[in-house]
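# Results of the structural survey
Chain by chain, the residues:
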Amino acid sequence: MSSIRNDLGFAVRTLLKSPVFTVTAVGTIALGIGATTAIFSIVNTVLLRPLPYANQERLAFVTSDMTARSVFNFPMAPGDFPDLRRGATEFDEIAGLVTFRQPLIDERGEAQMLRAAGVTSNFLRTLGVRVVLGRDFVEEDGFLPPPPEGAAENQGGQPAQLPPGITILSHEFWQRQFGSDSSVIGRNIQLGGQTAQVVGVLEPGVELFWFEDSSIEQRPDLYTVMRINFETASRVNVFLRVVGRLRPGATFASAQEQVNGIVTDLRQRFPIKETAGVRWRVEPMHKYVVASTRPAILTLMGAVGFVLLIACANVANLLLVRTSQRERELAVRAALGGNRGALVRQMLVESFVIAGAGAALGLWLASAAIGLLTVIGPDNLPRLDQIRIDPVVLVFTMLAAGLSAVIFGIVPALRASRVDVADILRTGGRSPSLSGAGKWLRAGVVTAEVALAFVLLVGSGLMIRSFVALQRAAPGFDPSGVLAFAVANVGEPTPEGRAAVQRRIHERLRAIPGVTGVSAALPLPLEGQASNTRWGLEAALTNPALFQQADLRVVLPDYFAVMRTRLLDGRAFTEADNVPGHNLVMVDDVFAEKAFPGESAVGKRFLARIGGPEPDWWEIIGVVRHQRNASLAVDGRETMYMVDAQGGFGAANRWLVRTEGDPSRLVPAVRAAVRELNPRYVLSELQPYTALLDRARAPTRFALVCIGVFAVVAVVLASVGLYGVLSTLVRQRTAEIGVRMAFGASGTSVFRLVVGQGMRLAVVGIGAGLLAAFALTRVMQTMLVGVSATDPLTFAAIVALFLGVTTIACWVPARRAARLDPLVALREES
């Protein structure tokens, strides 16, 4: 132990005597460790950290697919839910969920929009979420009592005065809205047009972690038990997201086998499920929550690992040069009895000191980087706001520092222990030329740096191409100058009342100075919500397997004019079309080409199930350009449009206001206009439409920034490494260059000699990098848009760029060599 303490003290004193070397080495390794720690913090939070639920390893999603229609991760029909609960005995609990936005009316009559969840009574127990104030839901909370005899009914067939619903508040909403007042338990609150009784408050920090395309709100403000008779509910209308907890001893495979039997029975009983190719999948919750982001995160971790390896290679090169400069010191120590093990230990202790200092600085860099990552990170990255340096990350950083110290320290340490004592002491410590082994070692290290940096640069180039493709992707509408927002109507139970509200809102918004167009729709393209239906031609009446899936959008008549979506054929909706009972639709060009290839779709009819249990005939009056709905990266499914009246008015509540210039300046006027109509009309999600496009590009932009930064750092480190090798070669071959020039060699020939040596190293490294890039960039394919992982143009451009960078790195030492005075060179080496 005392010898290690002595070695540590000696290492610190030695490093302090060489401040330039020490700062360079520590700074280099800090870059690698800092970047690696920052990305590992994402890996730890997103992929490794357990979900905050009891027995989370036994939680599973049960999600639906319609394989015949290429529809995946579909919600479940409530009518199918009892079959699953009765038949899936491999589960302890199976619960259902749907989330939505809902207005809360406070005691002053003013409204605010809440994130709400409708759940089955066992939902919180299934997740293992605790109620810290009041009580949990019980089975009876989900029962709807029969109406009193003779009670009046509204048009929907429900009692005019519903009994209060049962709701539980999130802890954060309880604190924010009710000031942590415990007397809220038992109190009734107004949610939309209904009353709900508060029976409990959840523990702090409850979040719902669902897979990306589920449209589930992550942090509901409140949870209300669903009052649905699942035994008689629809088997066609789907909305229920399902989660279950396996019983102890059960496996996901056995649960899947059991669920397969349930679906087989349903497909035999209900032919529509057979023709749609319905299947249910049991997916482990934690694994499936991160399924869409796992490839990108692991790719980033691999990329930052390359940066750390390059940093280690650079420090190893620095240590090799320093070792050659300390050969006399090491020879004297050996001559005084220092054995080889002691020399190796001393050099490794120096490496660990460098790595330790680099880790400390790297943690500071990682903390700053994490702050940036949480700002630019995409919405689909689970627990983005929880990424931080925790004990697990600290342990990883220490292990990374220790491993780095071994990687960059072991070879220089071994070389230091092999000094030729007699030769070094006889020559006075001068090393006129680098030994063959040392020369090839440093050349190999630099070649590896170049290869790793080249792979990162190729990855960065592919991400740049992808981001450019996203920027150029035509969404099918013009988002500039459009303000988007949602309006929730309160207390308008009739279609006529909802239609009147829409007209008044439209008129008020259109009267705002600077507004050039107003419309509404549901859902909006790229908003993240999904609404779809099945459609087919006449042959589907006798062969239901011919039905296909399409996106459905409910719109006001002027929607296409406001969105500036091009009309390709026929006509657009008019106000005369916006009345119930007119089965008129518009479709996009993708739909028209699929349904009626090579001919006009206008005037044609097709079958579609919209609202009712059976399909109806719908007539096409116009064809418009396709709007990308789910993603800018892919075209998506065909889309049909119907006017709001067909759904009973009020569905189209995502409003669009177009203006010239910045739409954000309209926000105060829009709020005032709607509030003047009724303070209970709640506005939410006000944002320029360009923000939706930015969100769609966010995952690609995030990967581009990360890989791009890594690539720049890697190229700089590789270039510095190449420069360092050539500078050392020039310094150690000064006498040789002097002799060459004394015998007539020109400065130009010396310049070419040095540049040639550097370019040979670079070309070998680029060649190795090409082979590695062809193999490794394939893992990025899911992250790329509009470009192949082996895109020849990208590879050729990166080769040219890298050759240019390495030429610059070679130029400075080559220029120094070409300007050597042969007399001075020979005198200095004599």
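Residues numbered from 1 in each chain as written. Predicted model: local features only at pLDDT ≥ 70, side-chain atom pairs only at ≥ 80, totals over all residues. Heavy atoms only, no water.

### Quick word on the overall build of the protein chain
What counts is decided by this rule: Numbered from the N terminus, helices here are DSSP runs of H or I no shorter than four residues, and strands are runs of E no shorter than two. Exposure categories follow from relative accessible area, calculated using a 1.4 Å probe and restricted to protein chains: below 20% of the type maximum is buried, above 50% is exposed, and the middle band is partly exposed. By definition in these notes, contact holds between two residues if any of their heavy atoms fall within 4.5 Å. Under the convention used here, a 1.4 Å probe and the Shrake-Rupley method define accessible areas, while residue burial counts only the protein chains that appear.
Summing up its helical and strand segments, the protein chain has 23 helices and 22 strands in all. The buried share of the protein chain, taken over its 830 residues, is 51%. For the protein chain, contacts bridging at least 24 residues in sequence account for 81% of all contacts bridging at least 6. Accessible surface, the protein chain: about 35800 Å² in total, of which carbon and sulfur atoms supply 59%.

### Structural notes on the nonpolar core
Basically, it comes down to this: We call a set of buried Ala, Val, Leu, Ile, Met, Phe, Trp, Tyr and Cys residues a nonpolar core when their side-chain atoms join them within 4.5 Å.
Grouped together as the largest cluster of nonpolar side chains are 122 residues, with contacts concentrated most on F123, Y223 and F408. Broken down by element, the residue count for this core peaks at 15 residues, all from helix 19 (residues 689–732). Look past the residues within four positions of F408 in its chain and what remains in contact with it is I29, C312, V315, A316, L319, S351, I354 and A355. Judged by nonpolar contacts, the second largest core, of 39 residues, contains V515, V587, V674 and L683.

### A short note on the side chain of T275
Worth spelling out the cut-off: Identification of polar contacts relies on pairs of N or O atoms within 3.5 Å, with a donor-acceptor requirement for protein atoms, meaning one able to donate a hydrogen and the other able to accept it, and with residues adjacent in sequence counted only if both atoms are side-chain atoms.
Inspection of the secondary structure assignment puts T275 in helix 7 (residues 271–276). For T275, a relative accessible area of 17% translates into the label buried. Here I272 takes part through its backbone oxygen, which lies 2.9 Å from a polar atom of the side chain of T275. Apart from residues no more than four positions distant in its own chain, T275 is found in contact with A68, R69, P544 and A545.

### Thoughts on unusual backbone geometry
Backbone torsion omega between L522 and P523 reads -10°, so that peptide bond is classified as cis. Along the chain, P523 falls in the loop between strand 13 (515–522) and strand 14 (532–536). A positive phi angle is found at S180, which is not glycine, with a value near 60°. Residue position: S180 is located in the loop between helix 5 (171–178) and strand 7 (188–191). Phi angles above zero are rare outside glycine, and R564 is one such case at about 55°.

### Notes on the packing of aromatic side chains
Here is the rule: Two rings belonging to Phe, Tyr or Trp (six-membered ring only in the last case) form a pair when the distance between their centres is within 6.5 Å. Interplanar angles under 30 degrees mark stacking, angles over 60 mark edge-to-face geometry, and anything in between is tilted. Any Lys NZ or Arg CZ found within 6 Å of a ring centre and within 35 degrees of that ring's normal is scored as a charge over the ring.
Considering all chains together, one arrives at 18 aromatic pairs under this definition. Taking the centre distance of 4.9 Å and the plane angle of 50° together, the rings of F591 and F606 count as tilted. Note that F591 is positioned in helix 17 (residues 589–595) and F606 in strand 18 (residues 605–608), a separation of 15 residues in sequence. Each member of the pair, F591 as well as F606, carries the same accessibility label: buried. The structure contains a cluster of three or more aromatic residues connected by ring pairs, namely F61, F123, W210, F211 and Y288. Stacked on the ring of F596, the Lys or Arg K604 has its end atom at 5.8 Å from the ring centre.

### Regarding the packing of helix 21 (residues 747–776) against helix 22 (residues 792–818)
Quick reminder of the rule: Axes, fitted as lines to C-alpha atoms, cover a helix only where it is in contact. Angles between the N-to-C directions of the axes lie from 0 to 180 degrees. Angle categories are assigned with fixed cut-offs, so that under 35 degrees is roughly parallel, over 145 is roughly antiparallel, 65 to 115 is roughly perpendicular, and the rest are oblique. Crossing chirality is assigned from the near helix's rotation relative to the far helix, an anticlockwise turn below a right angle marking it left-handed and a clockwise turn marking it right-handed. Note that Gly is not counted as nonpolar here; it falls among the polar residues with everything else outside the nonpolar set of Ala, Val, Leu, Ile, Met, Phe, Trp, Tyr, Cys and Pro and the charged set of Asp, Glu, Lys and Arg.
With their axes 8 Å apart at the nearest point, helix 21 and helix 22 run at an angle of 150° to one another. Compared by their axis directions, helix 21 and helix 22 come out roughly antiparallel. Note that helix 21 runs across helix 22; the crossing there is right-handed. Within the contact of helix 21 with helix 22, the residues separate by chemical class into 21 nonpolar, four polar and one charged.

### Some words on the confidence of the model for the protein chain
Heads up, the condition is: pLDDT: the predictor's confidence for each residue, scored from 0 to 100.
Here the protein chain averages 85 in pLDDT, while 89% of its residues score no lower than 70. The secondary structure element of the protein chain with the lowest average pLDDT is helix 13 (residues 421–426), at 49, and the one with the highest is strand 10 (residues 241–246), at 97. Ignoring residues within four places in sequence, the model shows residues 151–160, a span with pLDDT below 50, making nine contacts including any to other chains. The model gives residues 429–434 a pLDDT under 50, and that stretch makes seven contacts with residues more than four places away or in other chains.

### Description of the packing of helix 15 (residues 495–510) against helix 18 (residues 667–677)
Packing of helix 15 against helix 18 leaves a shortest axis separation of 9 Å and a crossing angle of 145°. Note that helix 15 runs across helix 18; the crossing there is right-handed. Mapping the contact onto sequence places R504, I505, R508 and L509 in helix 15 and V670, A673, V674, E676 and L677 in helix 18. Split by residue class, the contact of helix 15 with helix 18 holds six nonpolar, no polar and three charged.

### With respect to the side chain of T299
Counting through the fold element by element, T299 comes out in helix 9 (residues 294–325). Using a relative accessible area of 13% as the deciding quantity, one classes T299 as buried. Here P295 takes part through its backbone oxygen, which lies 2.7 Å from a polar atom of the side chain of T299. Apart from residues lying up to four places away in sequence, T299 is in contact with V779, M780 and M783.

### Some thoughts on the pattern of salt bridges
Note the following rule: Salt bridge, as used here: a side-chain nitrogen of Lys or Arg that lies within 4 Å of a carboxyl oxygen of Asp or Glu.
Tallied over the full model, the rule gives 36 salt bridges. For D141, the salt bridge is made with R135, and the minimal N-O distance between the two is 2.9 Å. Among the residues examined, R135 registers a relative accessible area of 33% and is labelled partly exposed.

### Thoughts on the pairing of strand 9 (residues 222–225)
Here is the rule we go by: We call two strands paired when DSSP finds no fewer than two bridges between them.
Both faces of strand 9 are covered, namely the face carrying L222 and T224 and the face carrying Y223 and V225. In this sheet, strand 9 lies alongside strand 4 (residues 111–119) in parallel orientation, the contact comprising four bridges. In the sheet register, A116 faces strand 9, and the bridge partner there is L222. The pairing of strand 6 (residues 165–169) with strand 9 spans three bridges and is classified as antiparallel. Within strand 9, the position partnered with L169 by the bridge is L222.

### A word on the environment of E212
By the secondary structure assignment, E212 is in the loop between strand 8 (194–202) and strand 9. In this structure the C-alpha to C-alpha distance between E212 and G528, which are 316 residues apart in sequence, comes to 9.6 Å. Each residue touching E212, except ones within four places of it in the same chain, is listed here: S292 and N380. Engagement of the side chain of E212 in a polar contact is seen with the side chain of S292, the distance being 2.8 Å.

### Focus: helix 15
Rule in force here: In this analysis, the expected span of each helix is defined as 1.5 Å times one less than the number of residues it contains.
Here helix 15 contains 16 residues, and its C-alpha end-to-end distance of 22 Å stays within 8% of the 22 Å for a straight helix at 1.5 Å per residue. All of the buried residues in helix 15 are G497, R498, A499, A500, V501, Q502, I505 and L509. Those residues of helix 15 hidden inside the fold are in contact with strand 12 (482–488), strand 13, strand 21 (654–659) and helix 18.

### As for a nonpolar patch on the surface
The criterion, for reference: Patch building starts from residues that exceed 30% relative accessible area and form no salt bridge, then joins like charges within 9 Å and nonpolar side chains (Val, Leu, Ile, Met, Phe, Trp, Tyr) within 5 Å.
Taken together, the side chains of L8, V12 and L16 make up a nonpolar region of the molecular surface, amounting to roughly 270 Å² of accessible area. The residue V12 is located in helix 1 (residues 2–16) in this model.

### Comments concerning the pairing of strand 7
Where burial is concerned, the two faces of strand 7 differ: the one with I189 and L191 is buried and the one with N188 and Q190 is not. Of the pairings in the sheet, the one linking strand 3 (residues 91–105) to strand 7 comprises two bridges and is antiparallel in character. Looking at strand 7, one finds that I105 is bridged to Q190. Linkage of strand 7 to strand 8, two consecutive antiparallel strands, is achieved through a turn of two residues, within which G192 is found at a positive phi near 65°.

### As for the environment of L222
Looking at where L222 falls in the secondary structure, it is placed in strand 9. With relative accessibility at 0%, the residue L222 sits in the buried group. For the pair L222 and L169, spaced 53 residues apart in sequence, the C-alpha separation works out to 4.3 Å. The residues touching L222, leaving out its near neighbours within four places in the chain, are Q102, L114, R115, A116, A117, T167, I168, L169, S170, F173, I189 and L191.

### Examining the environment of L722
Within the element layout of this structure, L722 appears in helix 19. The class of L722 is buried, set by a relative accessible area of 0%. Along the backbone, L722 and G758 are 36 residues apart, and their C-alpha atoms lie at a distance of 7.0 Å. If we skip the residues at most four places from it in the chain, L722 touches V446, G758, L761, T806, A809 and C810.

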